[in-house]
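Structural description and commentary
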Amino acid sequence: MDYTNLIAGSWENTSDGCANVNPSDITDVIGMAALSETADMDRAVASARTAAADWAQATPQMRFDVLDFIGSEILARQAELGQLLSREEGKTLPEGIGEAARAGQIFKFFAGECLRQTGDRLASVRPGVEVDVTRAPVGVVGLITPWNFPIAIPAWKIAPALAYGNAVVLKPAELTPGCAWALAEIISRSGLPEGVFNIVFGKGASVGQHLVDHPDVDAVSFTGSVPTGRAIASSCAKTLKKVQLEMGGKNPMVVLDDADLDLAVAACLNGAFFSTGQRCTASSRLIVTEGIHDRFVAALTTAMQGLKVGNALEAGIQMGPVVDARQLEQNLSYLKIAADEGGTVIGGERLTLAQEGFYMAPAMVSETSNDMRINREEVFGPVASVLRARDYNEALALANDSAFGLSAGICTTSLKQASHFKVNAEAGMVMVNLPTAGVDYHVPFGGSKGSSYGAREQGSYAAEFYTRVKTAYTLP
């Protein structure tokens, strides 16, 4: 299978390609993705710029019909798309199908948003003058998406961009081109005018950076690493582009003495190790108060070691492989660093299974302090650290002592402590007796500190990034 660029409504042939390898079985090459050049990105941006004006004037019904078609086809094909996702990214098959369904639901939600766009009519301080406040499209939007949610994250960027009348150029992740291509293929048959949506495959350092720097791109939305996000923000500032960044997390889950132990273990098991821990919202710091600490560590160790690791497409698998060799090496290196700094590592072995893939056992590091690298830096794998806290106040202080602020959770039966935590946790999203990972598709997503920059993603709040406010005065 060749994953080629879609520019100005046409699929383009390319001679060079990058292999899309199944992390569960590295002998399985799923397809070849185009290795584009900056000239390809120039043509994609030019195509979007040409198409942007007409799409900005499209009726709400036309936009609804396009997005509803896309969402309906994704939902109808969720099993097929979910299998492709699990094959190329390594999520278990139920997780892959669930993500595909979420992508369809996102498009359906924003199809409805096409018909719900509103404005304000205000009285002027000047007699006889009318004031209208409306939202207008930004123009051409560049989207750069990561490998860990290869269909959901493109969906939650593309859908609002189109719903609010923008033209799009998507640069998907190099590791997971198949889902992005499948989504683009559906979009190409949706009735969307040619050039409104374009996809360009290739290296982030070349075509991705060229998209960010391009003078005809009005806004950039990026999800990925903190260093790359900071560099993109700096580049966009030079040309005064709107920019939206979703970056890393070092998300705390506080477990208090009064917590339901079984519920807390289940929430932490899900948050830390499901999706192989490759979620920016993963529970990577487990902050546990003294009275429950030892029982919690013992129970979570048993649950963690009971997880069935294997080929993502096999029935009954609870944790698939790491996405590639480089990520696996990073995970293992952080475990060594944690051990060298005095932590006790439980699990985390490199696994050799029947099919050669990037497998490791889930890992927990106990007896850590918050100044250790395992608690300061994002690992992005099935690795959780445990910190002791004397009481709720110290637990909250440890939770907030981080350069990140995406998601934070607490397990407690105390309404007082839960209510205080919701207000005082320094995070964009707070969970009570729920995993830190796992959010709805119709509500805002985003964090604070080094985790996010710019307007929120998802839900009606997406309008803040994908539109500009316009104020019009009229003397009838």
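In case you missed it, the structure is sitting above this.
Residues numbered from 1 in each chain as written. Predicted model: local features only at pLDDT ≥ 70, side-chain atom pairs only at ≥ 80, totals over all residues. Heavy atoms only, no water.

1. Description of empty space enclosed by the protein
According to the stated counting rule, one finds 3 cavities of 30 Å³ or more in the structure shown. One number sums up the size of the largest cavity: a volume of about 80 Å³. Around the largest cavity, the lining is made up of 13 residues, and of these G277, A282, S284, E378 and F380 lie nearest the centre. Residue classes in the lining of the largest cavity are distributed as 5 nonpolar, 5 polar and 3 charged. Taken as a whole, the second largest cavity holds about 70 Å³ of empty space. Together, 17 residues line the second largest cavity, and P252, A399, F404, G405 and E426 are the ones closest to its centre. (1 Å grid on protein atoms, 1.4 Å probe; cavity = no way out; pocket = protein on both sides within 12 Å on 5 of 7 lines; lining within 4 Å. Points joined across faces, edges and corners; volume = space filled by probe spheres on them. Nonpolar A, V, L, I, M, F, W, Y, C, P; charged D, E, K, R; others polar.)

2. Topic: the layout of surface pockets
Of the voids in this model, the largest pocket is the one considered here, and its volume is about 1200 Å³. If you trace the largest pocket, you find 47 residues lining it, with W147, G224, S225, T228 and R326 closest to the centre. At the level of elements, β4 (17-21), α7 (204-213), β11 (219-223), α8 (226-239) and α11 (325-340) are the ones that each hand at least two residues to the lining of the largest pocket. A class-by-class count of the residues in the lining of the largest pocket yields 25 nonpolar, 13 polar and 9 charged. (Helix = DSSP H or I, 4+ residues; strand = E, 2+ residues; numbered from the N terminus.)

3. Things to note about helix α4 (residues 93-114)
Turn by turn, an α-helix covers 3.6 residues, leaving residues three or four places apart pointing in a common direction. With 22 residues, α4 extends 32 Å from end C-alpha to end C-alpha; this agrees with the ideal 32 Å at 1.5 Å per step. The element α4 is extensively covered by neighbouring structure, given that 16 of its 22 residues are classed as buried. (Expected span 1.5 Å × (residues − 1). Buried < 20%, exposed > 50% of the residue type's maximum accessible area, 1.4 Å probe, protein only.)

4. A few points about the sheet that holds β4
Strand order in the open sheet made by the 3 strands is β1-β5-β4, with mixed pairing throughout. Looking at which strands have only one partner, the edges of the open sheet turn out to be β1 (2-3) and β4. Where β4 meets strand β5 (residues 29-34), 5 bridges bridge the pair, whose relative direction is antiparallel. For V21, the partnering residue across the bridge sits in β5 and is V29. Packing against the sheet, helix α3 (residues 78-89) makes contact with β1, β4 and β5, and its axis sits at approximately 85 degrees to β5. (Pairing = 2+ DSSP bridges. Contact = heavy atoms within 4.5 Å. Axes fitted to C-alpha atoms, helices over the stretch in contact; angles between N-to-C directions.)

5. As for the sheet that holds strand β15 (residues 344-347)
Overall, mixed pairing links the 7 strands, which are arranged β15-β16-β17-β14-β13-β19-β20 in an open sheet. At either end of the open sheet lies a strand with only one pairing partner, and these are β15 and β20 (429-432). Each adjacent strand pair in this sheet contributes to an overall mean axis angle of 20 degrees, direction not counted. Bridge count between β15 and strand β16 (residues 363-368): 4 bridges; the pairing is antiparallel.

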